[in-house]
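Here are the chains, one letter per residue:
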Amino acid sequence: MKVVKFGGSSLANGEQFDKVINIVTSDDDRKVIVTSAPGKRFDGDIKVTDLLIKYANLVLENKDYQDVYNKIVDRYQEISNYYKLSSDTIDKIKAKLTDLATSNYKDDEHLMAAFKAHGEFLNAITLADVLNSKGIKAKFLDPKEIGFLVGGEPNNADVLPETYANLAKIKFDDSKIVFPGFFGYSKDGDIFTFSRGGSDITGAILSRGFNADLYENFTDVDAIYVANNHIVKNPEAIKKMSYREMRELSYAGFSVFQDEAIIPAVEGQVPVNVKNTNDPQKPGTLIVPSQFLFNPANPITGIASSDRFSALYIHRYLLNKEVGFTLKLLQIFYKYGISYEHMPSGIDDLTVIFDKSKLDSETIKNLCNDVKKALNPDYIEWIDDYAIIMVVGEGLAHTVDTVSKIIDSLTEKNIAIDMINQGASRISIMIGTQVKDAKDAVRDIYDTFFN
Ligand code: ASP
């Protein structure tokens, strides 16, 4: 059995729905369909999720929302007209959208989550109605009824273990199951959404819960590429990669998945196939457990880069001999509730790398002052201009010359390396550079190993 998830652009209008229907009916194993909200139909179009956020904000501000309400209805109306559905479907949708504005919520966060979730909720209802209207048996599954339970925060949910037990109880018949992505219910019965892009997480949870043979994730690209195609021209597609390669690359900037999105599939050891709704014959990229990857052809699978980092550089003579230095430093981070990303160190030097988006300038100032007071460093610098390039491959563990090749190629192009660290996982090499050099570095490394 396969769980198939479709992204927003795959379900943006009637023509895209046709492709989805062809895909799900061409394989009986494609039993469970996870929907996203209707996405962009063209450049400059607005995703339904973003319209719903606007709708929520207008309700919160007590402002007139009729215009945005109509825009949302129009998106579903367009699909409904395309298939000449009876008015029942659009009536259901209008009623649910109207209810949103008049229901009671615990607070603004709960309200926002409920609004946001309706993009996928209403699209799943629509798709189930479309399938049935074409004589393809399909059942909409309501996350509330089946006990798709989540905890965490209203707009940043985590799945609860009970969900897996509840999913295991579901019996399959000859109908396709249509399930809305992106949200679940708290134990109090409130809607909580995952973080943005979270329909992928729903697909991964269902794959694990139903013990699927494959999780097919349909999007609008042919495959995951070795490097970002805005940086490298026509990069090679990755045919097969391991879960942990995917995780490291998403972390450092690959945008196909957020880095934690497929964790439930990993826990259930369900292979993930990223495919293109617009060209479903193409093999896409298969993401599998590491033990299925013997002898990769190239030591490197992917090269990612991200400039969302900042670094704190500390120099202190004889740092290596000082007991408790790092402990004191970590206590300061703890005091400010900050987690760090990496901490490469030398004899007298230590660099701590942070995710910039989690810090504000006030915190940085206070943190640096505390470090000066508590640790009395000889030199301390906050480096905002910091990019990380992650070179990832299961094959790295079996080769000896990869690092030297990377260093040679960057030296030749006069790119200064601020930091290099072969990760503890042995499948990644992390390189810190200035932001201005990051793209060139990615291109050089790509050329060295793939051209
Ligand atoms: N519709 C949601 C979003 O735009 C979730 C998703 O597309 O996966 O973030």
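In what follows, the structure referred to is the one given above.
Description of the structure in this document. Keep in mind it's a predicted model, so treat the numbers as computed, not measured. (Residues numbered from 1 in each chain as written. Predicted model: local features only at pLDDT ≥ 70, side-chain atom pairs only at ≥ 80, totals over all residues. Heavy atoms only, no water.)

### Some remarks on a negative patch on the surface
Here is step 1: A surface patch of like charges, here negative, comprises D107, D108, E109, E153, D158 and E260.
Here is step 2: Position of D107 relative to the elements: it lies in the loop between helix 4 (87-102) and helix 5 (108-133).
Here is step 3: By relative accessible area, D107 is classed as partly exposed at 37%. (Patch = residues over 30% accessible without salt bridge, like charges linked within 9 Å, V, L, I, M, F, W, Y side chains within 5 Å. Areas by Shrake-Rupley, 256 points an atom, 1.4 Å probe, with all protein chains shown as cover. Salt bridge = Lys/Arg side-chain N within 4 Å of Asp/Glu carboxyl O. Lys, Arg positive; Asp, Glu negative; His and termini not counted. Charge placed at Lys NZ, Arg CZ, Asp CG, Glu CD. Helix = DSSP H or I, 4+ residues; strand = E, 2+ residues; numbered from the N terminus. Buried < 20%, exposed > 50% of the residue type's maximum accessible area, 1.4 Å probe, protein only.)

### Some details on the site of the ligand
Here is step 1: Surveying the vicinity of the ligand reveals the residues S36, K47, T49, E120, F182, R196, G197, G198 and S199.
Here is step 2: Between the ligand and the protein, one listed contact pairs an oxygen atom with a backbone N or O atom of G197 at 2.8 Å.
Here is step 3: Here an oxygen atom of the ligand sits 3.4 Å away from a polar atom, N or O, in the main chain of G198.
Here is step 4: If the ligand stood free it would expose 260 Å²; the protein chains cover 92% of that surface.
Here is step 5: Broken down by class, the residue content of the shell around the ligand amounts to one nonpolar, five polar and three charged. (Near = heavy atom within 4 Å. Polar contact = N/O pair within 3.5 Å; in protein donor to acceptor, adjacent residues only side chain to side chain. Nonpolar A, V, L, I, M, F, W, Y, C, P; charged D, E, K, R; others polar.)

### Some points on the sheet that holds strand 2 (residues 30-35)
The strands that make up a sheet are held in pairs by hydrogen bonds between backbone atoms, and each pair lies either parallel or antiparallel.
Here is step 1: Read from one edge of the open sheet, eight strands run 3-6-2-1-9-11-12-10, paired in mixed fashion. Looking along the sheet, the strands with just one partner apiece sit at the ends: strand 3 (138-140) and strand 10 (240-242). Between one strand axis and the next, the sheet turns through 20° on average, direction left out of account.
Here is step 2: The sheet contacts of helix 1 (residues 14-25) involve strand 1 (2-6), strand 2, strand 6 (176-180) and strand 9 (214-219), and relative to strand 1 the element is tilted by about 170°.
Here is step 3: Across the face of the sheet, helix 9 (residues 243-251) comes into contact with strand 10, strand 11 (272-276) and strand 12 (285-288) while running at roughly 85° to strand 10. (Pairing = 2+ DSSP bridges. Axes fitted to C-alpha atoms, helices over the stretch in contact; angles between N-to-C directions. Contact = heavy atoms within 4.5 Å.)

### Side note on the packing of helix 7 (residues 161-168) against helix 8 (residues 199-209)
Here is step 1: Between helix 7 and helix 8, whose axes approach to 9 Å, the crossing angle comes to 55°. Compared by their axis directions, helix 7 and helix 8 come out oblique. Classified by chirality, the crossing of helix 8 by helix 7 is right-handed. Mapping the contact onto sequence places T163, Y164, L167 and A168 in helix 7 and I205, L206, R208 and G209 in helix 8.
Here is step 2: Split by residue class, the contact of helix 7 with helix 8 holds five nonpolar, two polar and one charged. (Parallel < 35°, antiparallel > 145°, perpendicular 65-115°, else oblique. Left-handed = near helix turned anticlockwise from the far one by under 90°.)

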